[in-house]
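Geometric and topological summary
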Amino acid sequence: FKKLLALRTMEGEAAETEEDSEPERQSWVDGLLRYRFRRRTYVLADPRGVLVHGTGTSVWSAGEVLADLVAANPTMCGPGPCLELGAGVGVVGITLAFFGVRPIVLTDLDRQLPLLRRNASENFQDPGVLEVAALDWRIPEERESLAPWKGRWSAVLASDVGYDPDLFEPLRQTLLAQCGETTPIFLALADRDEEDEPGVDELVEAFSGSFRCEEIHTRRLYPHQSVTRVLRMTRCSVDLPTMGEASG
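Residues numbered from 1 in each chain as written. Predicted model: local features only at pLDDT ≥ 70, side-chain atom pairs only at ≥ 80, totals over all residues. Heavy atoms only, no water.

**What to know about the pattern of salt bridges**
By the definition in use, this model includes 13 salt bridges. The salt bridge partner of aspartate 191 is arginine 229, with a shortest N-O separation of 3.1 Å. Of this pair, aspartate 191 sits in the loop between strand 8 (185-190) and helix 7 (200-207) while arginine 229 is found in strand 10 (residues 228-235), placing the two residues 38 residues apart along the sequence. Classification of aspartate 191 as partly exposed rests on a relative accessible area of 24%. (Salt bridge = Lys/Arg side-chain N within 4 Å of Asp/Glu carboxyl O. Helix = DSSP H or I, 4+ residues; strand = E, 2+ residues; numbered from the N terminus. Buried < 20%, exposed > 50% of the residue type's maximum accessible area, 1.4 Å probe, protein only.)

**Considering helix 4 (residues 113-123)**
Considered for burial, the residues of helix 4 that qualify are Leu113, Leu115, Leu116, Asn119, Ala120 and Asn123. Projected down its long axis, helix 4 carries its buried residues within an arc of 165°, all on one side. (Arc of directions from axis to C-beta.)

**A short note on the sheet that holds strand 5 (residues 104-108)**
Strand order in this open sheet of 7 strands is 6-5-4-7-8-10-9, and the pairing throughout is mixed. The open sheet has two edge strands with one neighbour each: strand 6 (130-134) and strand 9 (211-219). For this sheet the average axis-to-axis angle between neighbouring strands, irrespective of direction, equals 20°. With 6 bridges joining them, strand 8 and strand 10 adopt antiparallel strand pairing. (Pairing = 2+ DSSP bridges. Axes fitted to C-alpha atoms, helices over the stretch in contact; angles between N-to-C directions.)

**Remarks on a negative patch on the surface**
Together, Asp193, Glu194, Glu195 and Asp196 line one region of the surface with negative charge. For aspartate 193, the location among the structural elements is in the loop between strand 8 and helix 7. (Patch = residues over 30% accessible without salt bridge, like charges linked within 9 Å, V, L, I, M, F, W, Y side chains within 5 Å. Areas by Shrake-Rupley, 256 points an atom, 1.4 Å probe, with all protein chains shown as cover. Lys, Arg positive; Asp, Glu negative; His and termini not counted. Charge placed at Lys NZ, Arg CZ, Asp CG, Glu CD.)

**Here's the deal with the packing of helix 6 (residues 168-178) against helix 7**
Following both chains from N to C, one finds helix 6 and helix 7 inclined at 55°, their axes separated by 10 Å at the closest point. Compared by their axis directions, helix 6 and helix 7 come out oblique. For helix 6 against helix 7, the interelement crossing comes out right-handed. Only Glu202, Leu203, Ala206 and Phe207 of helix 7 make contact with helix 6, whose side of the interface consists of Phe168, Leu171, Arg172 and Leu175. Across the contact of helix 6 with helix 7, the residue classes break down as 6 nonpolar, no polar and 2 charged. (Parallel < 35°, antiparallel > 145°, perpendicular 65-115°, else oblique. Left-handed = near helix turned anticlockwise from the far one by under 90°. Contact = heavy atoms within 4.5 Å. Nonpolar A, V, L, I, M, F, W, Y, C, P; charged D, E, K, R; others polar.)

**Focus on helix 3 (residues 91-98)**
With 7 of 8 residues buried, helix 3 lies mostly within the body of the structure. For helix 3, the complete set of buried residues consists of Val91, Val92, Gly93, Ile94, Thr95, Leu96 and Ala97. Positive phi shows up at glycine 100, right after helix 3, with a value of about 95°.

All we've got here are geometric facts, nothing functional implied.
As structure tokens, then:
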């Protein structure tokens, strides 16, 4: 799986690099910055804070890496349904939808949904392709939501969700609530060197009692940014205590 993934990804990244050599056309629509992403989908970013504020106003490099990975290997996520957590503008899930995966459920905090819905409708108007829903990992009722698909996801994806250690446990609980025993989880995480932000290994350690983890891809998208590491995780058959829980 890993060798085939690497081969397809190298070919895909070469094509993406060639595409990126030509500047994308940008325009402003209703105060949002609209541009073509990888000649496939459209992104509406919100640098002016017209609809939303905070981290979900644009595409982060880890999201680009994961979108490129699934574009080169769309079958890695199965036929659907697929869940994207912390979707932001939804570029990963929308990329999957472009390759025929159905349905894709894009989730984020409630305050993020106006921009997420705009991005979804910008790319697909047909029912049954993209669904948008609120999912706050810190709220137990929302972790247990999405009843039509819960436990039946053919894949769960998220990018750059490891920057806040206070969210490690809510994210772990969300994944346990939503994933079946064989559901593949793909996390694209920026491996930052800043002292005030955790590295990827810290999240892996926090999840070690609940999920088996394999690193399947690494890429530094831009020279000045952190390396993005993509992890493939599945649930352990028994939810064991993490090292921190055991020592406590």
